Amino acid sequence: MSSIDGHRLVIVTNIPSPYRLHLFEHLYRIMRPKGLSLEVMFMAETEPWRYWRFDSSRWGFPHKVHWGLHPYWRGIPFHINPTILYDVWRRPPNWLMLGGSWAMPTTALLAVSPRWVGPRCLKLWWLEANERSMKYRTGLVAWLRNWIVSRADALVLPGKIAQEWADSSLKVQLPKIWLPNVVDEGIYRDRVEKTRVYSREIREKYKIPQNEIVALLPSRLAPEKNIVGLLKAISEDWPKGLCLLIAGDGPLYHHIAELIKQTNRVKMLGYQDTERMIELFAMSDLVILPSLRDPNPLVIIEALWAGLPVLASINVGNWPEAIEPGRNGWLFDPTQPQEMRKAVLEAVAVGRDGLRVMGMRSREIAYERFETSTVVHRFLDQLLNLS
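This structure is a prediction, so every number in the text was calculated from the model and none was measured. (Residues numbered from 1 in each chain as written. Predicted model: local features only at pLDDT ≥ 70, side-chain atom pairs only at ≥ 80, totals over all residues. Heavy atoms only, no water.)

1. Notes on the side chain of Arg363
Put simply, the rule is: Numbering of helices and strands runs from the N terminus; a helix is a DSSP stretch of H or I covering at least four residues, while a strand is a stretch of E covering at least two. Only protein chains enter the accessibility calculation, which uses a 1.4 Å probe; a residue whose area is less than 20% of its type maximum is buried, one above 50% is exposed, and one in between is partly exposed. What makes two residues a contact is simply this: any of their non-hydrogen atoms within 4.5 Å.
Locating Arg363 in the fold gives a position in helix α13 (residues 337-369). In this structure Arg363 comes out as buried when scored by relative accessible area, which is 17%. For Arg363, the residues in contact, after removing those within four places along its chain, are Arg189, Glu193, Arg196, Leu304, Trp305, Ala306 and Gly307.

If you want it as structure tokens, here you go:
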């Protein structure tokens, strides 16, 4: 019998989300034949501006949505879950992986207090750290964040930018495990590809000319996403042949609607469920993400699997792994309007055929770096080596 038989991984995270559920299902299926067990503890069912709806009875992995208190401050939830603390104390796992946010009282308490987990449990902070997306880079909040994170035994990080933050900010250099964000290839590769056959009909439904370049911007409509900045950068002399689709909802919806009411080159679609997003990816030529702050956006990984080039801000946390400038996309400084405009014009100048070729490189990168089974196997190998 292996020395790891019966070892247990508990993941504590804030809420269920499509991409996390996809990861947990694969993790559970790969761990089980190895004699390892997985349990996921959710701090809440949902949070504001999250429209996902799930049937938890269909989830294959062991899980529980725990009771808790959920105060909000400046729109940020702070989940407090006594039952998670109790369950971890009552039955400490071999590995305790803490996600959601370092500032959640539940995960922060688990990280800093050895009483909750016992001496044989390895605590792992699962972080999408991105210094460019942090409101507080110095001062008391930054000190507290670094102190809480340093209480862990290791870090689980998605890529280079998170590693750079850890290396430069934490006084204690902790072991690092790599876990890039993944999405469901069956949706964003297979179903998008099948739907692409009907892209002409989809464009007709949205009243978009067949020869136009369609740029898709899937995002929450919030200040940090910089949609207003992008529109101002390109609206005075709109790039010829470009149609911009904005898919999402949020507090700036009416403000953005007011900005674009004089043009027919921008379409606001509101929140779009998965079925509608499949159509949008299938008929689009590229994806744009102009964020000022965006720790590790999943939409970039979705775009790669959909075979689309990406035009993205240097502030998004996964661009080093996902974007090869000039080969499958472009990068720009979101605080520089002329730089944003230049990148958009370069993308339009490539034309639809050129963008299609760049999209093929996006798909190759998805296979090389974000294939779910490969990512999960590598993560488990690193976890076992840590032990």
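2. Quick notes on the nonpolar core
Nonpolar side chains in soluble globular proteins tend to end up buried together. The line we're drawing: The term nonpolar core refers to a set of buried residues drawn from Ala, Val, Leu, Ile, Met, Phe, Trp, Tyr and Cys, joined through side-chain atoms within 4.5 Å.
In this structure, Leu216, Leu245, Leu280, Phe281 and Ile300 are the most contacted members of the largest nonpolar core, which totals 38 residues. Listing elements by their share of this core, those giving two or more residues are α6 (185-196), β10 (213-218), β11 (242-247), α10 (274-283), β13 (286-289), α11 (298-305), β14 (310-313) and α13. A total of seven residues in this core trace back to one element, the largest contributor, which is α11. Dropping the residues within four chain positions of it, Leu280 is found in contact with Tyr206, Leu216, Leu245, Ala247, Leu269 and Gln272. Core analysis: the second largest hydrophobic core is formed by 31 residues, Ile227, Leu244, Leu252 and Val266 among them.

3. Focus: the sheet that holds strand β12 (residues 266-270)
Filter applied, for reference: Here, strands pair whenever DSSP counts at least two bridges between them. Helix axes are fitted to C-alpha atoms over the stretch in contact, other axes to C-alpha atoms as well, and angles between N-to-C directions run from 0 to 180 degrees.
Read from one edge of the open sheet, six strands run β12-β11-β10-β13-β14-β15, paired in parallel fashion. At either end of the open sheet lies a strand with only one pairing partner, and these are β12 and β15 (329-332). Direction aside, neighbouring strands of the sheet carry axes that sit 20° apart on average. By the bridge criterion, four bridges tie β14 to β15 in an arrangement that is parallel. Bridge pairing in β15 places Ser313 opposite Phe332. Against the sheet, helix α8 (residues 227-235) contacts β10, β11, β12 and β13, and its axis sits at roughly 165° relative to β11.

4. Some thoughts on the pairing of strand β8 (residues 154-157)
Our working definition: Looking down the strands as they point away from you, a crossover is right-handed if its path from the first strand over the helix to the second goes clockwise.
Here β8 shows two buried faces, one formed by Ala154 and Val156 and the other by Leu155 and Leu157. Relative to β8, strand β7 (residues 122-126) runs parallel, the two sharing three bridges. Within β8, the position partnered with Trp125 by the bridge is Leu155. The parallel pair β8 and strand β9 (residues 176-178), bridged by helix α5 (residues 160-169), forms a crossover whose chirality is right-handed.

Interpretation note: all reported values are geometric properties and have no functional meaning in isolation.
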